[in-house]
Amino acid sequence: MLRILSTLLAIRTSSAINLFFYYLQKLPLVGKAIKSTVYARTDLKRSVSALVFAVLLLWSPVSKLLYLYVLVYLPVTAVNEMSPAHEPLQLFIHIFAIISFLVAGVSSANVLEPKREKYVAVRLMRMSPQLYMHAALSYRYIVFLVGYIPALLVFVLLLEGTVLQAVMLAVSVAAWRVLCEYIHLKLFEKTGIVLVKQLAAVWLVIGAGYIAAYLPLFLEKFPTVGPALMHWGVQLLIAALGAWAAVQLARYRHFREAVDVATKRDDPYLNVRGMVADAQKTSVQAKESDYSEEALRQEPVNNREGYAYLNEIFFTRHRSLVSRPFRKRLAIIAAAGIGGSIAMFVMGRIQPEFLQLELKMLFSFLPIALSFLTVGETTCKAMFYHCDISLTRYSFYRSAAYEHFLIRLRKMIGQNLWIAGALGGALTLATFAAGGNILQWDAVLLWLSIAAIAVFFTLHHLFLYYIFQPYSTDLNVKNPLYFVVAMAVSAACGFAVFFPIPPAVFTSVVIAIVIVYFAVAIAAVRNYAHKTFRVK
Amino acid sequence: MQLVLDKIAKRFNEKQVLQDVEHRFEKGKIYGLLGRNGAGKTTLFNCLSGELKVDGGQALLEADGATHELREQDVGYVYSLPILPEFLTGYEFVKFFIDINRRQNVSIDRTIDQYFDMMSMAEEERHRLIKGYSHGMKNKLQMLLFLITKPPVILLDEPLTSFDVIVALEMKKLLREMKHNHILIFSTHILQLASDLCDELVILNRGRLSSVSPELLRSPEFEQSIVELLKDESHAEDT
């Protein structure tokens, strides 16, 4: 088993080093200096493998520290400062028990999880499934236990617990998870069910589990499992069950079936990049009905010419992709506007002091709201995948980038102005229902701002698409500059929420930004898009 | 009219794919470009068509005593896997293509249907979505575009390889007709096709182009000589 374990660790460290070199090559400036021959430098790999192994080992306690701090310790201390409902240590153990025992016990089981390493070891390297699983499980749970001891010690001691409590908790969680591995295996053996792949059940447990985990933070009466799990009798029982399960796993003779079911060649989990690419393509899949002969016959006569003709046909034949998100957004805004207005009206009659909705309160939320509500990214993806991916291979099409940019910009601005109108109407109606004054200068400014921001986002999506053309043939975003600009705009939207400014200033700033962006975008697309608008 | 390649160089990371590529291609001839997998044939075509930037050298077009650098619009490129907008019908695509070329003062001397007739594409095929076209039909449609724009240089990346006998014969006939007005270069692996269709053969090996003498092209030892020539060199890796 030790030989198998050493081979597995060699595969892991080697994969980690290759991955490290791969991403190093992607870095600007530094990347160019890293030659592809680096992958063949076994001497270099050997010398850094010890370091990589140490990092892989260290990752276990570090990740557990992070998990315990963010998901368990932080919520417990935050709530405890406001209203101490339960003992902090008991709350800590409760949340930890629900997430790490219950939720993870259902959602994660190494014996049946598809893993590239499993595929490589058993299918390609022809290792014995039994020996592979023994080695992998032993390594996993020793590192798991050793990682949890220091991590739990830190937080249990911080919450005034004892060393013994921390160690016993670490032993319990490791033992429990070994027991879960065995239960998953037996369930598969008896029924053929691979529980970790039953997504509906798994997500149900995750959802219910997280609610049960955090509910005692807010409800004093809600019972916690903390006291039970801290009882020595329960801890000993779990440890004994874990030891029994470990012996059963060591004696188990049918790992072949369990490994086979987790290493199917077409399992999407074994090819995550392929799965992402497929999902991306599915997101812009045109409906067959849009392309049917019947639909073609029913299309209105198109009297346009050139690029206008092409785009008219494109938008008609991709209405499910282009118009559906647009209609959905309109429907959502209308429903939210009407529902919100009724709620405001009713609540205003019951508790008028709670409702002091003023138009000027809405301005700072407009950028972030419209960044979600305007259509643009899906349309650009659809244009790329169904039209530009082929036509940008032709020089005439690239040369005319400015011309089709303008045609598309007009079409998309039209759609987004409809959305802007709906949002303006919904907000005005809700403010009126809440008893706010809408017959004022702020209403004009609000409508102007919404329209300007809608134009801004249309321009933004299309400009980024033409200048950075971020998509590869798999629809992966490859251009780092695209990320940087998109992130900067998102950050600015968030910034606006936290730093509200008077409506008149807000509207003036927004309109000024739109004018400047328009001028820059038009000039950039006119001068550079024929070079930048191509398939990477 | 001649296409002059002057010391064209292209490298991907450490791999020098094209190294001072030099050659003259003349109008009225069909050139076959031979090379092993990964020798850089498609890279050379991509450089000539403007898809890729060259790292060094240039491609020039000499016509009527004047010389200018080869522009993207001087080149018609038929890809090995035809790339066409599949949401259009063949007819719509040709109409769109004629529209934009007419605006650029390209003289269009035929109607859309006449162009389709030239390519022997049946009436009902013209009004079907390109999505449903066979590989051969798509290639025909790409060739049809060059009948409209008449680019001086036409590059064909491994054409005819997946055609049935009839379509391959039609395409050969078409290429022979077209060569009088164009410089035609096609890359292929198939030696028989090269000897059958080409007036001249050039070999891309280790990043350089070399001519095969026309006598050898017609000689019985042709195949054996080419195989020996390519075998001598170490097998290039895929680019």
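Residues numbered from 1 in each chain as written. Chains lettered and ligands numbered in written order. Predicted model: local features only at pLDDT ≥ 70, side-chain atom pairs only at ≥ 80, totals over all residues. Heavy atoms only, no water.

## So, the interface of chain A and chain B
Going by this rule: Contact criterion: two residues are considered in contact whenever any of their non-hydrogen atoms come within 4.5 Å of each other. In this description, buried area is defined as the sum, over both parts, of the accessible area (probe of 1.4 Å) that is lost when the two are combined. Whenever Lys or Arg places a side-chain nitrogen within 4 Å of a carboxyl oxygen from Asp or Glu, that contact is recorded as a salt bridge. Definition of a polar contact: a pair of N or O atoms within 3.5 Å, with one able to donate and the other able to accept a hydrogen when the atoms are protein atoms, and with sequence-neighbouring residues admitted only if both atoms are side-chain atoms. The secondary structure listing takes helices from DSSP runs of H or I that are at least 4 residues long and strands from runs of E that are at least 2 residues long, numbered from the N terminus.
If you look at the interface, chain A gives 29 residues, while chain B gives 26 residues. Regarding the contact of chain A and chain B, the summed buried area is about 2500 Å², with carbon and sulfur atoms giving 57% of it. One can count six salt bridges joining chain A with chain B. We note a salt bridge from arginine 398 of chain A to glutamate 51 of chain B, for which the minimum N-O separation is 3.4 Å. Along the contact surface separating chain A from chain B lie twelve residue pairs in polar contact (both at pLDDT 80 or more). When contributions to the side of chain A that touches chain B are tallied by element, the ones reaching two or more residues are α13 (288-291), α15 (306-317), α18 (377-391) and α19 (395-399) of chain A.

## A short note on the nonpolar core
This is how the line gets drawn: Residues enter a nonpolar core if they are buried and are Ala, Val, Leu, Ile, Met, Phe, Trp, Tyr or Cys, with the set joined through side-chain atoms within 4.5 Å. Each residue gets one of three labels from its accessible area relative to the maximum for its type: buried under 20%, exposed over 50%, partly exposed in between, using a 1.4 Å probe on protein chains only.
In this structure, Tyr397 of chain A together with Met143 of chain B are the most contacted members of the largest nonpolar core, which totals 120 residues. Tallying contributions element by element places helix α21 (residues 441-468) of chain A first for this core, with 18 residues. With sequence-adjacent residues up to four places away left out, methionine 143 of chain B is seen in contact with Val78, Met119, Leu156, Met171, Leu174, Leu175 and Met178 of chain B. The next biggest cluster of nonpolar side chains, apart from the first, holds 69 residues, and it includes Val122, Met127, Ala151 and Leu229 of chain A.

## Overview of helix α20 (residues 401-433) of chain A
Each α-helix turn comprises 3.6 residues. Residues three or four places apart therefore point the same way. We apply this condition: A helix is expected to span 1.5 Å multiplied by its residue count minus one.
With 33 residues, α20 of chain A extends 47 Å between its outermost C-alpha atoms, agreeing within 8% with the 48 Å of an ideal straight helix rising 1.5 Å per residue. Just downstream of α20 of chain A, glycine 435 of chain A is the residue with a positive phi angle, here 90°.

## Section: the packing of aromatic side chains
Between two aromatic rings, the relevant description is the distance of the centres plus the angle of the planes. To keep it simple, the criterion reads: Geometry of aromatic contacts follows a simple scheme: Phe, Tyr and Trp rings, the Trp one being its six-membered ring, pair when their centres are within 6.5 Å, and the pair is stacked under 30 degrees between planes, edge-to-face over 60, tilted otherwise. Think of it as a cone above the ring: NZ of Lys or CZ of Arg counts as a charge over the ring if it is within 6 Å of the ring centre and within 35 degrees of the ring normal.
Taken as a whole, this structure holds 37 aromatic pairs over all chains when the rule is applied. Plain terms: the ring middles of phenylalanine 96 of chain A and phenylalanine 101 of chain A are 6.1 Å apart, the flat faces sit at 85° to each other, and that makes the pair edge-to-face. Judged on exposure class, the residue phenylalanine 96 of chain A and its partner phenylalanine 101 of chain A are both buried. Ring centres of tyrosine 77 of chain B and tyrosine 79 of chain B lie 4.4 Å apart, and the angle between their planes is 35°; on these two criteria the pair is classed as tilted. In this structure tyrosine 77 of chain B comes out as buried when scored by relative accessible area, which is 6%. For tyrosine 79 of chain B, a relative accessible area of 6% gives the class buried. Among the aromatic residues, ring-to-ring pairing joins Tyr307, Tyr394, Phe396 and Tyr397 of chain A together with Phe93, Phe96 and Phe97 of chain B into one connected group. A cation sits over an aromatic face here: lysine 64 of chain A above tyrosine 148 of chain A, 5.3 Å from the ring centre. Above the face of the tyrosine 309 of chain A ring, lysine 95 of chain B is positioned so that its terminal group lies 4.3 Å from the ring centre.

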